[in-house]
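Residue-level listing of the chains:
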2 protein chains.
Amino acid sequence: MLSACCFFRYREAYWMEEKIRIAVDAMGGDHAPGEIVKGVIKAVNRKKDLSVVLVGRQEEIAACLNGQAYPQGSISVRNAQEVIGMAEHPVEAVRTKKDSSLCVALGMVKRGEADACISAGNSGAVLVGGQGIVGRIRGVKRPPFASVMPTQQGGMMLLDCGANVDARPEHLAQWAKLGSIYMQYVEGIQNPRVGIVNIGAEEEKGNALVKETFPLLKEMDEKGIIRFTGSLEARDIPCGPCDVAVCDGFVGNVVIKMYEGVAKVLLAEVKEGIYSSTMSKLGGLMIKGALKETLKKFDASRYGGAPLLGLKSLVVKMHGSAKAAEVENALYQCMQFYRQDITGKTAMFAGEEKAQADAERSQDGI
Amino acid sequence: MLSACCFFRYREAYWMEEKIRIAVDAMGGDHAPGEIVKGVIKAVNRKKDLSVVLVGRQEEIAACLNGQAYPQGSISVRNAQEVIGMAEHPVEAVRTKKDSSLCVALGMVKRGEADACISAGNSGAVLVGGQGIVGRIRGVKRPPFASVMPTQQGGMMLLDCGANVDARPEHLAQWAKLGSIYMQYVEGIQNPRVGIVNIGAEEEKGNALVKETFPLLKEMDEKGIIRFTGSLEARDIPCGPCDVAVCDGFVGNVVIKMYEGVAKVLLAEVKEGIYSSTMSKLGGLMIKGALKETLKKFDASRYGGAPLLGLKSLVVKMHGSAKAAEVENALYQCMQFYRQDITGKTAMFAGEEKAQADAERSQDGI
């Protein structure tokens with residue numbers, strides 16, 4: 001009797017949980033549509049409460065789906081004949097290619113036909129389309145690209161990673177909170193530590209932007225809005241002394257690309273060393289498994305893609321070179337983001353901040 | 001008869017070649033004075049035309065020199081009782097600690113008692129002291145810290161690495177030429193390629209500073225002043241597609257510190273992987289030699305320290321953690337810099353540039 005009761009309660013919970021609908025740009029990225037579709041199939045087979053709309057050239061997507069097993073009704077296809085190329089001018093592309101996979105996917109989010117959108121396509125077009133089609137939350141000044149970077153201590157969210165190359169102190173201050181909300185509710189880190197990317201540990205160090213942002217972050221810390229831990233030197237980033245790091249989009253992009261570039265070149269050199277003699281080749285075979293294990297924590301794909309924070313619905317940009325694993329993780333990331341209502345939490349913070357700023361302004365007027 | 005003649009000619013050349021005199025801050029850096037003195041002893045034993053003045057606490061330096069072999073007269077000691085700490089405020093320290101090893105060493109350069117100065121001490125103090133005591137070359141707008149970074153293709157000079165965190169386009173343009181002069185005459189690279197650190201390969205990418213600097217560099221290329229190859233994405237830096245890379249001091253500092261940080265953490269993880277089991281430990285022993293060989297090219301110490309370019313005499317800042325090898329190489333770097341008269345070449349360029357700017361201004365006035 002007890003077990004039957006449990007069974008019914010479980011079923012009830014299962015059916016009551018609504019499915020999360022994600023629009024996937026099937027044509028964006030270097031490995032589209034093959035790897036994109038592969039990642040989607042893996043995810044829908046794992047998560048019963050996930051429903052994906054693959055947006056792009058119907059026939060190409062159908063060819064990838066052909067013969068694959070996945071729960072009935074978990075994947076549908078939405079035809080879009082145009083594709084925005086990686087090198088196209090973002091504003092121009094979004095304006096003219098209305099029937100592109102990206103624009104159609106973003107349009108579905110805007111109309112509420114999907115809860116989130118992921119794309120591995122042209123970053124600039126995702127930024128322009130995200131802001132233009134999906135739209136900003138009221139009170140959010142500049143949506144940042146926010147990427148979770150792997151470190152020795154786990155993931156660290158870096159924002160902005162390239163959406164706003166010339167930012168102002170109040171933008172960085174807002175990103176500090178947006179990043180904190182994300183890391184707390186999506187990655188489950190209580191009271192995340194926020195740092196500002198700087199060229200030294202002392203408060204007086206930094207360029208004009210950092211020097212002006214520093215007191216704003218300190219004030220937010222004093223008010224209990226964020227937990228600010230001060231300057232973060234670039235050399236310490238891979239160790240992971242913070243959970244959230246803020247900087248302008250130019251610096252953020254340099255940080256993230258240096259990380260990728262140095263790691264790639266160094267590991268290639270290690271490999272070259274191993275392949276240079278018969279003895280070292282044999283040695284290489286003996287360390288392979290152990291090395292794979294320790295380097296696993298530096299696999300960026302496990303954190304999904306880079307969300308464009310502060311939009312009315314979630315838009316996630318994956319690497320142009322994203323493969324199935326990153327696509328799969330980006331889908332889980334979207335689900336967690338949606339379930340935790342990050343958009344609602346962001347809107348509440350941005351609204352309160354705006355109301356306070358308006359009140360201060362009107363008080364000054366009196 | 002012939003051999004005796006050769007002998008005399010050789011002796012003559014030897015004696016005619018003047019010794020290069022370098023003032024070394026013996027107290028600056030984490031491993032001072034021990035490693036500093038060790039590096040100096042190695043260098044004077046290798047180069048007959050090098051003469052070093054070790055500046056700092058006489059008794060401590062004497063203890064390091066005690067029992068060491070080096071050519072008579074190649075090393076002398078100049079007493080200076082004060083030391084500028086790594087965390088001291090630069091302006092304050094240079095102003096008040098006149099008898100510090102750094103200030104005394106820089107003073108020797110100013111008065112012509114030394115041809116160059118090297119220090120592994122407080123970067124800010126080297127910058128402030130270098131500009132304040134040694135002085136800028138007329139026409140040089142902002143002396144940059146210029147560091148030669150190891151890449152897969154050899155060394156690449158990055159400037160500015162942290163002296164000017166808020167720079168203007170005309171500063172970057174001048175640094176492009178200063179870096180080109182250095183790489184051509186000190187590192188022997190004919191017609192060095194100059195790139196600008198950017199977040200994408202296309203000309204329209206970048207922040208305001210990069211967008212305004214780009215046309216200046218293009219114009220310099222058209223006039224044959226430099227060889228400009230366009231934007232340089234951070235991810236490509238470790239591959240070494242350029243010989244000179246320009247950026248503001250904030251970005252440069254982030255680049256150089258990310259490079260150090262990622263390399264350090266990744267190699268530590270590789271090591272951890274190797275030490276994780278008996279089999280992988282054995283494998284590690286088998287690859288050790290080969291790995292050391294391929295990673296040798298990434299040893300930054302072989303390029304010496306970071307010169308503060310554009311001063312009336314050379315001032316070189318080494319890493320705070322510099323050991324004997326870096327000290328030794330920094331001394332050779334100073335010798336090459338002096339022999340190639342980089343200061344003279346820089347002065348000529350800066351003078352011509354200034355004269356042209358003045359002429360254009362006066363023409364505009366008419």
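Everything in this summary refers to the structure shown in the same document. For clarity, every value in this text was computed on a predicted model and none was experimentally measured.

Glancing now at the overall build of chain A. What chain A contains, in helices and strands, is 12 helices and 11 strands. Its C-alpha radius of gyration of 22 Å places chain A within 12% of the 21 Å reference for a compact globule of 366 residues. Overall size of chain A, expressed as C-alpha extent along the three principal axes, is 65 × 65 × 60 Å. Here chain A holds 366 residues, and 54% of them are scored as buried. Within chain A, counting contacts between residues at least 6 apart in sequence, those at least 24 apart form 73% of the total. If you sum the accessible surface of chain A, you get close to 16200 Å²; carbon and sulfur atoms cover 52% of it. Charged side chains in chain A number 45 positive and 43 negative. The centres of these two groups are separated by 5 Å.

All right, on to the relation of the copies chain A and chain B then. Mapping chain A onto chain B is achieved by rotating through 180° and translating by 0.0 Å along the same axis, at an RMSD of 0.1 Å. Here the transformation between the copies is reduced to the relation of a two-fold axis. Among all residues of chain A, the minimum C-alpha distance to the rotation axis is found for G283 of chain A, at 1.9 Å. A high fraction, 100%, of the interface residues of chain A reappear at the interface in chain B, so the copies pair face to face through one surface.

Let us now look at the environment of E353 of chain A. All names here are of chain A. The topology assignment puts E353 in helix 12 (residues 342–365). Overall, the relative accessible area of 22% leaves E353 in the partly exposed class. Each C-alpha atom of the pair E353 and G310 lies 14 Å from the other, and the pair is 43 residues apart in sequence. In contact with E353, other than residues within four places in its own chain, are K141 and Q174. In this structure the side chain of E353 is engaged in a polar contact, spanning 2.8 Å, whose partner is the side chain of Q174.

Right, let's talk about the packing of helix 9 (residues 249–274) of chain A against helix 9 (residues 249–274) of chain B for a bit. Viewed as axis vectors pointing N to C, helix 9 of chain A and helix 9 of chain B meet at an angle of 35°, and their least axial separation amounts to 9 Å. The handedness of the crossing between helix 9 of chain A and helix 9 of chain B comes out as right-handed. Where helix 9 of chain A approaches helix 9 of chain B, its residues F250, V251, V254, V255, M258, Y259, V262, A263, L266, L267 and V270 of chain A are matched on the opposing element by F250, V251, V254, V255, M258, Y259, V262, A263, L266, L267 and V270 of chain B. The class makeup of the residues in the contact of helix 9 of chain A with helix 9 of chain B is 22 nonpolar, no polar and no charged.

The next thing to look at is the side chain of S100 of chain A. All names here are of chain A. Looking at where S100 falls in the secondary structure, it is placed in the loop between helix 4 (90–96) and helix 5 (101–110). Under the relative-accessibility criterion, S100 is labelled buried at 0%. With residues near it in sequence (within four places) discarded, S100 still touches A80, E82, V83 and I84.

Analysis parameters
For every chain, the first residue of the written sequence is number 1, and numbering continues from 1 along that sequence. Whichever chain is written first is A, and whichever ligand is written first is 1; the rest continue in order. Restriction of local features to residues with pLDDT of at least 70 applies here, the model being predicted, together with a cutoff of 80 or more for giving and counting side-chain atom pairs; totals for whole chains, interfaces and linings are based on all residues. Hydrogens and water are ignored here; the side-chain numbers use all heavy atoms of the structure. Comment: elements are numbered from the N terminus, with helices defined as DSSP H or I runs of at least four residues and strands as E runs of at least two. In this description the radius of gyration comes from C-alpha coordinates, and the expected globular size is given by 2.2 Å times residues to the power 0.38. Burial classes follow relative accessibility: with a 1.4 Å probe on protein chains only, a residue under 20% of its type's maximum area counts as buried, one over 50% as exposed, and anything between as partly exposed. Here a residue-residue contact requires only that any non-hydrogen atoms of the pair lie within 4.5 Å. Surface exposure here means Shrake-Rupley accessible area, sampled with a 1.4 Å probe, where a residue is shielded only by the protein chains that are shown. Asp and Glu count as negative and Lys and Arg as positive, but His and the ends of the chain are not part of the count. We put the charge of a Lys on NZ, of an Arg on CZ, of an Asp on CG and of a Glu on CD. Copy-to-copy superposition: least squares on the C-alpha atoms, limited to residues that have pLDDT of at least 70 in both copies. A 3.5 Å cut-off defines polar contacts: any pair of N or O atoms within that distance qualifies, except that in protein one atom must be a possible hydrogen donor and the other a possible acceptor, and neighbouring residues in sequence count only when both atoms are side-chain atoms. Axis definition: a line fitted to C-alpha atoms, limited for helices to the stretch in contact. Angles are taken between N-to-C directions and run from 0 to 180 degrees. We call a crossing left-handed when the near helix sits turned anticlockwise from the far one by less than a right angle, and right-handed when that turn is clockwise. Each residue receives one of three labels: charged for Asp, Glu, Lys and Arg, nonpolar for Ala, Val, Leu, Ile, Met, Phe, Trp, Tyr, Cys and Pro, and polar for the others, Gly being one of them.

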